[in-house]
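Listed below are the residues making up each chain.
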Amino acid sequence: MERISPPLVGGERETLRAYLDYHRATLAWKCEGLTDEQLRRASMPPSSLSLLGLVRHMAEVERHWFRRVLGGEELPHLWSDTHDFQAAYDASGSTRAEAFAAWEAEVAHARRIEAEADSLDVAAYVPSWKEEASLRLLMLHLIHEYARHNGHADFLREAIDGATGA
């Protein structure tokens, strides 16, 4: 996934799309060149947070907001039979190939759903919020989610091999 800086000038949808893709690419970049074992390495007890767990979590997040909420699809969770979003964080038995295949597939679905939407004002009911939310808000929500987790990824990567950088 190529990491391209968002435009300094552009339309709203183009800018939201670019920032979301930038943060997606940042997560992939933080995982580059690492073995499955390194990607599964937990931060510090009692946390089990790992880079691979973040990738799995973001696959679940993409699936939820774009396919379930915006697309209206009834889909199971990727790594839980009990609709537990936290289960994705447990990457102890996961591999790069498995996690990245799921994440990249969900990103592709999300991009398709976003591109097919007539406008950023397209809205869908969010059961947990008990209100409708626009595509605009959902994209901002995902940008926020990626940005927060990319901060975690910075620390996780630095602990593995000392690599830093945004």
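Scroll up to find the structure this text is about.
These numbers were taken from a predicted model, which means no experiment stands behind them.

## Structural notes on the pairing of strand S2 (residues 131-134)
Across 4 bridges, the pairing between strand S1 (residues 123-126) and S2 is antiparallel. Paired with Tyr125 across the strands is Glu132, a residue of S2. Between S1 and the antiparallel strand that follows it, S2, lie 4 residues; Lys130 among them carries a positive phi value of about 55°.

## Some points on the packing of aromatic side chains
Tallied over the full model, the rule gives 2 aromatic pairs. The interplanar angle of 40° and the centroid separation of 5.1 Å between the aromatic rings of Trp65 and Trp129 together place this pair among those described as tilted. Pair noted here: Trp65 is in helix H3 (residues 51-70) and Trp129 is in the loop between S1 and S2, with a separation of 64 residues, a long-range link. Judged by relative accessible area, Trp65 falls into the buried class, the value being 8%. A residue is classified by how much of its surface remains accessible, and Trp129, at 36% relative accessible area, is partly exposed. Ring centres of Phe100 and Trp103 lie 5.6 Å apart, and the angle between their planes is 90°; on these two criteria the pair is classed as edge-to-face. Here Trp103 and Phe100 lie together in helix H4 (residues 96-116), a separation of 3 residues that amounts to about one turn. Accessibility assignment for this pair places Phe100 and Trp103 in one class, buried. Directly above the aromatic system of Phe100 lies the positively charged group of Arg96, at a separation of 5.4 Å from the ring centroid.

## Points about the nonpolar core
In this structure, Leu27, Leu51, Phe66, Trp103 and Tyr146 are the most contacted members of the largest nonpolar core, which totals 44 residues. At the level of elements, helix H1 (12-31), H3, H4, S1 and helix H5 (135-161) are the ones that each hand at least two residues to this core. No other element matches the 11 residues that H3 contributes to this core. The residues touching Tyr146, leaving out its near neighbours within four places in the chain, are Leu20, His23, Arg24, Leu27, Met58, Glu62, Trp103 and Val107.

Rules of the game
- Residues numbered from 1 in each chain as written.
- Predicted model: local features only at pLDDT ≥ 70, side-chain atom pairs only at ≥ 80, totals over all residues.
- Heavy atoms only, no water.
- Pairing = 2+ DSSP bridges.
- Helix = DSSP H or I, 4+ residues; strand = E, 2+ residues; numbered from the N terminus.
- Phe/Tyr/Trp six-rings, centres within 6.5 Å; stacked < 30°, edge-to-face > 60°.
- Buried < 20%, exposed > 50% of the residue type's maximum accessible area, 1.4 Å probe, protein only.
- Lys NZ or Arg CZ within 6 Å of the ring centre and 35° of its normal.
- Core = buried A, V, L, I, M, F, W, Y, C linked by side-chain atoms within 4.5 Å.
- Contact = heavy atoms within 4.5 Å.

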